[in-house]
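Commentary on secondary and tertiary structure
Listed below are the residues making up each chain.
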Amino acid sequence: EPEVTQTPSHQVTQMGQEVILRCVPISNHLYFYWYRQILGQKVEFLVSFYNNEISEKSEIFDDQFSVERPDGSNFTLKIRSTKLEDSAMYFCASSGSLAGASDTGELFFGEGSRLTVL
Amino acid sequence: DQQVKQNSPSLSVQEGRISILNCDYTNSMFDYFLWYKKYPAEGPTFLISISSIKDKNEDGRFTVFLNKSAKHLSLHIVPSQPGDSAVYFCAASEFNAGKSTFGDGTTLTVKP
């Protein structure tokens, strides 16, 4: 069964360092997303990506964050200068159609990358 | 402004009984509603969905009910099984929006 894969599973970094989280979405999906979940809190939307550009982003997704699809398979999230409050589980997701499109808009999530900022 | 709310952080039921998980929303533009299940150390997995033109959708042991006038949806699991023990997230999207908004989640424990 096709699945979304994420690397690394866990990354520990010092505050102020750059971090890149990587994702390989399901191969025939066109829409890509990053969500995060701070420990014990809700799953929060960060950004959606389609046709090589950002479709929508949340208030959380400020200038410290960027996304890229450098080739035909990878989808990355970069945090330029990490802060303590960036510590969270980051989930990549993909879908065959845009979220909100009836019947096919469900998201397929990866297992997450846990980021710990010290 | 929390647009999707799951007011019960936890629910415990006996195996074989019905589990009812509730979700309320405030955004009348939401058009599509989904339930996801999440086990520890895994990503959320899609469970069942319903569009705003329907009031019920059933898939095996899982049924989702939508009450648009009350801005309320619920997930019924019958019969509940120990393997259903997980965190359940309600999510909602506007039509062809670029994102889904998630609730806080409800931890379901099904006791043998």
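In short, a report on the structure. Just so it is clear, the model here is predicted, and its values are computed rather than measured. The numbers attached to residues start from 1 for each chain and follow its sequence in the written order. By the order in which they are written, chains take letters starting at A while ligands take numbers starting at 1. For a predicted model such as this one, the threshold for reporting local features is a pLDDT of at least 70, and the threshold for listing and counting side-chain atom pairs is 80 or more; totals across whole chains, interfaces and linings nevertheless cover every residue. Side-chain metrics in this entry use all non-hydrogen atoms of the structure; hydrogen atoms and water are not considered.

**What about the overall build of chain A?**
Here a strand is any run of E in DSSP of at least two residues, a helix any run of H or I of at least four, and the numbering for each starts at the N terminus. Scanning chain A from terminus to terminus reveals zero helices and 11 strands. Listed by position from the N terminus, the elements making up chain A come as β-β-β-β-β-β-β-β-β-β-β. Taking 2.2 N^0.38 as the reference for a compact globule, 118 residues should give roughly 13 Å; the C-alpha atoms of chain A span a radius of gyration of 14 Å, in line with that estimate. Here's how the labels work: a residue is buried when its accessible area is under 20% of the maximum for its type, exposed when over 50%, partly exposed in between, all with a 1.4 Å probe on protein chains only. Counting all 118 residues of chain A, 48% fall into the buried class. Contact definition: two residues touch when any of their heavy atoms are within 4.5 Å. Of the contacts formed within chain A by residues at least 6 apart in sequence, a portion of 55% connects residues at least 24 apart. What sets the accessible areas is the Shrake-Rupley method with a 1.4 Å probe; for residues, cover comes only from the shown protein chains. Only carbon and sulfur atoms are counted for the fraction: they give 45% of the accessible area of chain A, which is about 5,800 Å². For the charge count, each Lys or Arg is scored as positive and each Asp or Glu as negative, with His and the chain ends excluded. A charged residue contributes its charge at one atom only: NZ of Lys, CZ of Arg, CG of Asp or CD of Glu. Here chain A contributes 9 positive and 16 negative side-chain charges, whose respective centroids are spaced 6 Å apart. Radius of gyration: over C-alpha atoms. The globule rule applied is 2.2 Å multiplied by the number of residues raised to the 0.38 power.

**Side note on unusual backbone geometry**
Backbone geometry follows two general trends: most residues other than glycine have a negative phi, and most peptide bonds adopt the trans configuration. Note the cis peptide between T7 of chain A and P8 of chain A, where omega equals -10°. Summarising the element assignment, P8 of chain A is placed in the loop between β1 (5–7) and β2 (10–13). Cis peptide bonds are those with omega within 30 degrees of zero, and the linkage from V78 of chain B to P79 of chain B qualifies with -10°. Checked against the element boundaries, P79 of chain B lands in the loop between β8 (72–77) and β9 (86–94). Here A41 of chain B, not a glycine, exhibits a phi torsion of approximately 65°, which is positive. Position of A41 of chain B relative to the elements: it lies in the loop between β4 (30–38) and β5 (45–51). Its relative accessible area of 61% is what places A41 of chain B among the exposed residues. Notably, K71 of chain B is not glycine yet its phi reads approximately 50°, a positive angle. Topologically, K71 of chain B is positioned in the loop between β7 (62–67) and β8.

**Quick notes on the interface of chain B and chain A**
It is common to give the size of an interface as the accessible area lost on bringing the parts into contact. With 25 residues of chain B at the contact, the number on the chain A side is 22 residues. Once two parts are joined, some of their accessible surface, as seen by a 1.4 Å probe, is lost; buried area is that loss totalled over both. The largest share of the area that chain B buries against chain A comes from Y32, G98 and F102 of chain B, three residues that together contribute 27% of it. Across the salt bridge formed by E56 of chain A and K99 of chain B, the nearest N and O atoms sit 3.8 Å from each other. Counting of polar contacts relies on pairs of N or O atoms within 3.5 Å, with two restrictions inside protein: one atom must be capable of donating a hydrogen and the other of accepting it, and residues adjacent in sequence are counted only when both atoms are side-chain atoms. Put simply, chain B and chain A have three residue pairs in polar contact (both at pLDDT 80 or more) between them. Only β4, β5 and β9 of chain B provide two or more residues apiece to the side of chain B that touches chain A. Looking at which element gives the most residues to the side of chain B that touches chain A, the answer is β4 of chain B, with five residues. Split into classes, the residues belonging to the side of chain B that touches chain A amount to 11 nonpolar, eight polar and six charged. We count a salt bridge whenever a side-chain nitrogen from Lys or Arg sits within 4 Å of a carboxyl oxygen from Asp or Glu. Think of it as three bins: nonpolar holds Ala, Val, Leu, Ile, Met, Phe, Trp, Tyr, Cys and Pro, charged holds Asp, Glu, Lys and Arg, and polar takes everything else, Gly as well.

**A word on the sheet that holds strand β3 (residues 19–24) of chain A**
Residues and elements named next belong to chain A. Sheet architecture is open: four strands sit in the order β1-β3-β8-β7, paired in antiparallel fashion. The two strands at the open ends of the sheet, each matched to only one other strand, are β1 and β7 (65–68). On average, each strand axis in the sheet is inclined to that of its neighbour by 20°, with strand direction left out of account. As defined by bridge partners, β3 adjoins strand β8 (residues 75–79) across five bridges and the pair is classed as antiparallel. When the bridges of β8 are listed, R22 appears paired with T76. For two strands to be treated as a pair, DSSP must find no fewer than two bridges joining them. Note on definitions: angles span 0 to 180 degrees between N-to-C directions of axes, and those axes are lines fitted to C-alpha atoms, for helices only across the stretch in contact.

**Quick look at the pattern of salt bridges**
Residues and elements named next belong to chain B. Evaluated as defined, the whole model comprises four salt bridges over all chains. Put simply, R61 and D84 hold a salt bridge, and the shortest N to O gap is 2.8 Å. Linking R61 in the loop between β6 (56–59) and β7 with D84 in the loop between β8 and β9, this pair joins segments that are 23 residues apart in sequence. A residue is classified by how much of its surface remains accessible, and D84, at 2% relative accessible area, is buried.

**A short note on the environment of S113 of chain A**
Relative to the elements of secondary structure, S113 of chain A occurs in strand β11 (residues 113–117). For S113 of chain A, the contacting residues outside a window of four places in its chain are Q6, T7, P8, S9, L21, A88, M89 and Y90 of chain A.

**Thoughts on a nonpolar patch on the surface**
Each patch is built from residues that are more than 30% exposed by relative accessible area and take part in no salt bridge. Like charges join if they lie within 9 Å; nonpolar side chains (Val, Leu, Ile, Met, Phe, Trp, Tyr) join within 5 Å. Together, I18, I20 and V78 of chain B line one region of the surface with nonpolar side chains, adding up to about 220 Å² of accessible area. By relative accessible area, I18 of chain B is classed as partly exposed at 40%.

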